[in-house]
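# Summary of structural features
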Amino acid sequence: MEKVNIVIAGPRGRMGREAVKLVHETENYHLAAVVDRKNDGGLLSDFDGFLGLDVPVYSNIEECFQKTDANILIDLTTPAVGMFHTKTALTYGVRPVVGTTGFTKEDLKELENLCKEKGLGCVIAPNFAVGAILMMKFAQLAGKYFDDVEIIELHHDQKLDAPSGTAVKTAELIAEVRESKQQGHPQEEEVIPGARGANYDGMHIHSVRLPGLIAHQQVMFGSAGQTLTIRHDSYNRASFMSGVKLAVDTALKVDTLVYGLENIIE
Ligand SMILES: NC(=O)C1=CN([C@@H]2O[C@H](COP(=O)(O)OP(=O)(O)OC[C@H]3O[C@@H](n4cnc5c(N)ncnc54)[C@H](O)[C@@H]3O)[C@@H](O)[C@H]2O)C=CC1
Ligand SMILES: O=C(O)C1=N[C@H](C(=O)O)C[C@H](O)C1
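Residues numbered from 1 in each chain as written. Chains lettered and ligands numbered in written order. Predicted model: local features only at pLDDT ≥ 70, side-chain atom pairs only at ≥ 80, totals over all residues. Heavy atoms only, no water.

In the annotation of an unreviewed UniProt entry, the entry for the chain reads 4-hydroxy-tetrahydrodipicolinate reductase, and the organism field reads Cytobacillus mangrovibacter. Heading Function (unreviewed entry) of the UniProt record for the chain holds this comment: "Catalyzes the conversion of 4-hydroxy-tetrahydrodipicolinate (HTPA) to tetrahydrodipicolinate." Of the chain, the UniProt comment under Sequence similarities (unreviewed entry) reads exactly: "Belongs to the DapB family." (UniProt positions renumbered as here; feature names shortened; annotations may be inferred.)

Right, let's talk about helix H6 (residues 165-177) for a bit. End to end, H6 covers 19 Å across 13 residues, agreeing with the expected 18 Å (1.5 Å per residue, within 8%). Considered for burial, the residues of H6 that qualify are Gly-165, Thr-166, Ala-167, Lys-169, Thr-170, Ala-171, Glu-172, Leu-173 and Ile-174. (Helix = DSSP H or I, 4+ residues; strand = E, 2+ residues; numbered from the N terminus. Expected span 1.5 Å × (residues − 1). Buried < 20%, exposed > 50% of the residue type's maximum accessible area, 1.4 Å probe, protein only.)

What follows covers the UniProt feature "domain: Dihydrodipicolinate reductase N-terminal" (unreviewed entry) in the chain. Per the UniProt annotation, the sites labelled "domain: Dihydrodipicolinate reductase N-terminal" (unreviewed entry) are residues 4-128. This span, residues 4-128, is 37% helix and 21% strand, and a straight line between its end C-alpha atoms measures 20 Å.

So, about the sheet that holds strand S1 (residues 4-9). The seven strands are arranged S3-S2-S1-S4-S5-S6-S12 in an open sheet whose pairing can be described as parallel. Among the strands making up the open sheet, the edge pair consists of strand S3 (57-58) and strand S12 (257-259). Docked against the sheet, helix H4 (residues 105-118) engages strand S6 (122-124) and S12, running at close to 150° with respect to S12. Across the sheet, helix H7 (residues 241-253) is in contact with S1, strand S2 (29-35), strand S4 (72-75), strand S5 (95-98) and S6; its angle to S5 comes to roughly 155°. (Pairing = 2+ DSSP bridges. Contact = heavy atoms within 4.5 Å. Axes fitted to C-alpha atoms, helices over the stretch in contact; angles between N-to-C directions.)

Inspection of the region around ligand 1 gives 23 residues, with Arg-14, Met-15, Thr-101, Ala-125 and Phe-128 positioned closest. Here an oxygen atom of ligand 1 sits 3.3 Å away from a polar atom, N or O, in the main chain of Gly-13. A distance of 3.2 Å separates a nitrogen atom of ligand 1 from a polar backbone atom of Pro-126. Within the complex, 84% of the 860 Å² of free accessible area of ligand 1 lies under protein. Breaking the shell around ligand 1 down by element, the ones donating at least two residues are helix H1 (14-25) and helix H3 (79-91). Considering only residue class, the shell around ligand 1 consists of eight nonpolar, nine polar and six charged. (Near = heavy atom within 4 Å. Polar contact = N/O pair within 3.5 Å; in protein donor to acceptor, adjacent residues only side chain to side chain. Areas by Shrake-Rupley, 256 points an atom, 1.4 Å probe, with all protein chains shown as cover. Nonpolar A, V, L, I, M, F, W, Y, C, P; charged D, E, K, R; others polar.)

Moving on to a nonpolar patch on the surface. The grouping of Val-130, Leu-134 and Phe-138 at the surface amounts to a nonpolar patch, some 240 Å² of accessible area in total. Relative to the helices and strands, Leu-134 is located in helix H5 (residues 130-143). (Patch = residues over 30% accessible without salt bridge, like charges linked within 9 Å, V, L, I, M, F, W, Y side chains within 5 Å. Salt bridge = Lys/Arg side-chain N within 4 Å of Asp/Glu carboxyl O.)

This is the structure we're talking about:
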């Protein structure tokens, strides 16, 4: 079987390191190159923790795609560069699998059009963990029966974006099935600005950042005399890797943008 040539952007990050391991250990995958801000022209094995991985490092993603026969880009970088990397990949005929969060609705529309134009698959997954996908699906189901919901997402304190991509996606999924509603007392006032969190179509999203946490989310529904809480916890980044593999295999098969693994997991 021919191997899938994969480029990873952000290989030394918390997620990138796990993704390197996944690609290295998967029989039909080949780590063709990495994109890193450091060590342009060197090898991944020059960095600590990548012994034996003599994979070329590029700092310029365009140069990487010009010199590498890549099928897939796995992007695990930052909101600031994720969009540029994804667009560049599609321009070079490379199918992106994007874990990086912080994409706007406009970004997604632009990428959807670019995928159509190029006839290429792309998977953007705000969360790769199967349990988190189920948590979002269960929350969407509960959203049909409860009008009031608060989303509390909890992450490590090195996270750049708030609210998390998962929290935004959860709110989007609930908004698809719920009548729009401004929650809480109509005259409620924030004594300290931000106390009620972010507002998505009347739902409130609260972002907790603490050292010691990894990635967690609780979706709380309430109605007269009852609450329902749906919670998911990722205790390590390995929890995301089966979803990354599913996303790679899907991006190779489809010719459109897939936003969210809930569209793949039935
Ligand atoms: N979809 C999912 O299931 C998950 C998504 N994430 C998202 O993935 C992204 C990465 O998360 P972490 O690994 O925790 O962050 P991290 O900060 O540990 O890693 C990011 C890496 O990107 C690198 N980077 C930044 N700019 C770059 C550039 N121009 N070219 C190449 N590399 C560049 C940094 O040097 C760093 O090594 C974030 O957006 C996060 O929200 C994180 C966990 C799970
Ligand atoms: O930055 C993280 O760590 C995570 N980011 C994703 C998000 O923004 O939802 C997925 C997961 O929650 C971990």
